[in-house]
Amino acid sequence: MKKIFSLILAIIMIASVAMLAGCSTQGGDNELVMGTNAAFPPYEYYDEDGETIIGIDAEIAQAVADKIGMTLTIKDMEFDSLLTAVQSGAVDIVFAGLTVTDERKESVDFSITYATGIQVIIVPKDSDIKTVDDLDGKVIGVQAGTTGDIYCTDDYGQENVKQYANGALAVAALQNAQVDCVVIDNEPAKSFVDANDGLKILDTEYVTEDYAAAISKENTELTEKVNAAMEELKADGTIDSILAKYIKAE
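Residues numbered from 1 in each chain as written. Predicted model: local features only at pLDDT ≥ 70, side-chain atom pairs only at ≥ 80, totals over all residues. Heavy atoms only, no water.

Enquirer: Explain the side chain of Glu187 to me, please; I cannot follow it from the model alone.
Expert: Following the sequence through the fold, Glu187 ends up in helix α7 (residues 186-195). A relative accessible area of 14% places Glu187 in the buried class. There is a polar contact of 3.1 Å between the side chain of Glu187 and the side chain of Lys190. (Helix = DSSP H or I, 4+ residues; strand = E, 2+ residues; numbered from the N terminus. Buried < 20%, exposed > 50% of the residue type's maximum accessible area, 1.4 Å probe, protein only. Polar contact = N/O pair within 3.5 Å; in protein donor to acceptor, adjacent residues only side chain to side chain.)

Here's what the structure looks like:
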């Protein structure tokens, strides 16, 4: 009887270990955790129900995850915490309309680029700011941690730049005359101007830059897989079709 009991116990233990191993594989190795800041339309934002994050980056990340056989999970967080999150392993990859810069390359690896961004200037329609040359001495609103923040702080000084957690708050500050203008990427700028009366985008570019996904320098295997997947998605037109879905030709 003792032998039978011992045999049953051993079978139960083996089954339990197998179940745990199966759960670990499905919940860890097979999951691609994407970090983003979902207040950056049309790249990432919440749908009308306010529950699901959609947009260009969400769709490209999903296409990449499908290519490499992983399940995508998206985490919404503050923009200026994203690189720290991917470095620490809190997320696997960052898709967030993230600009490739030499400074950021020192802390993370980037995928191949998938889109081009343009920093533009939002002003009230009756503003005396007409070009980039008119920004001297003005109070500039930016999203904290973005290249708009970095460039404006370098060009005009910290005392002339006000940082906000996201672009929507910066635009709200502009509406309330707390800042004279907002420097932000062109596509989100269009969305914010469409949603707020009395604003316009200047017909002048502040800077042009490339977008890519960020991955930890320790995770070279994932970087290789993501790049291979994105090369295929570029070649078969998937990325172009996603961009065209959200960014209409003018």
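Enquirer: I would appreciate a short explanation of the sheet that holds strand β2 (residues 39-40) in the present structure.
Expert: An order of β2-β3-β4 is seen for the 3 strands of this open sheet, with the pairing classed as antiparallel. The open sheet has two edge strands with one neighbour each: β2 and β4 (53-54). Alignment of strand β3 (residues 44-46) against β4, held across 2 bridges, turns out to be antiparallel. Directly across from Tyr46, in β4, lies its bridge partner Ile53. (Pairing = 2+ DSSP bridges.)

Enquirer: Help me out: how do you make sense of the packing of aromatic side chains in this one?
Expert: The geometry of an aromatic ring pair is captured by two quantities: the separation of the ring centres and the angle between the planes. Going through the model one piece at a time under the given rule, you end up with 3 aromatic pairs. When the ring of Phe40 is compared with that of Tyr43, the centres are 5.9 Å apart and the planes differ by 35°; the resulting orientation is tilted. On the basis of relative accessibility, which here comes to 6%, the residue Phe40 falls in the buried class. Taking the centre distance of 5.0 Å and the plane angle of 90° together, the rings of Tyr43 and Tyr211 count as edge-to-face. With Tyr43 in the loop between β2 and β3 and Tyr211 in strand β13 (residues 207-211), the pair connects residues that are 168 residues apart, well separated along the chain. (Phe/Tyr/Trp six-rings, centres within 6.5 Å; stacked < 30°, edge-to-face > 60°.)

Enquirer: What am I meant to see in the pattern of salt bridges here?
Expert: Oppositely charged side chains can pair when the atoms bearing their charge come close. All told, the structure shown has 6 salt bridges when counted by the stated rule. Between Lys245 and Glu59 there is a salt bridge, and its shortest N-O distance comes to 2.6 Å. A residue pair is termed long-range when its members are at least 10 positions apart, and Lys245 in helix α9 (residues 238-246) and Glu59 in helix α2 (residues 56-67) qualify at 186 residues. By relative accessible area, Lys245 is classed as partly exposed at 47%. (Salt bridge = Lys/Arg side-chain N within 4 Å of Asp/Glu carboxyl O.)

Enquirer: What's the story with unusual backbone geometry in this structure? I'm lost.
Expert: Excluding glycine, residues mostly have negative phi values, and the peptide bonds linking residues are mostly trans. With omega at 5°, the peptide bond leading from Pro41 into Pro42 counts as cis. Secondary-structure assignment places Pro42 in the loop between β2 and β3. Although it is not a glycine, Ala177 adopts a positive phi angle of roughly 65°. Tracing the backbone through its elements, the reader meets Ala177 in the loop between α6 (167-175) and β11 (181-185). On the basis of relative accessibility, which here comes to 65%, the residue Ala177 falls in the exposed class.

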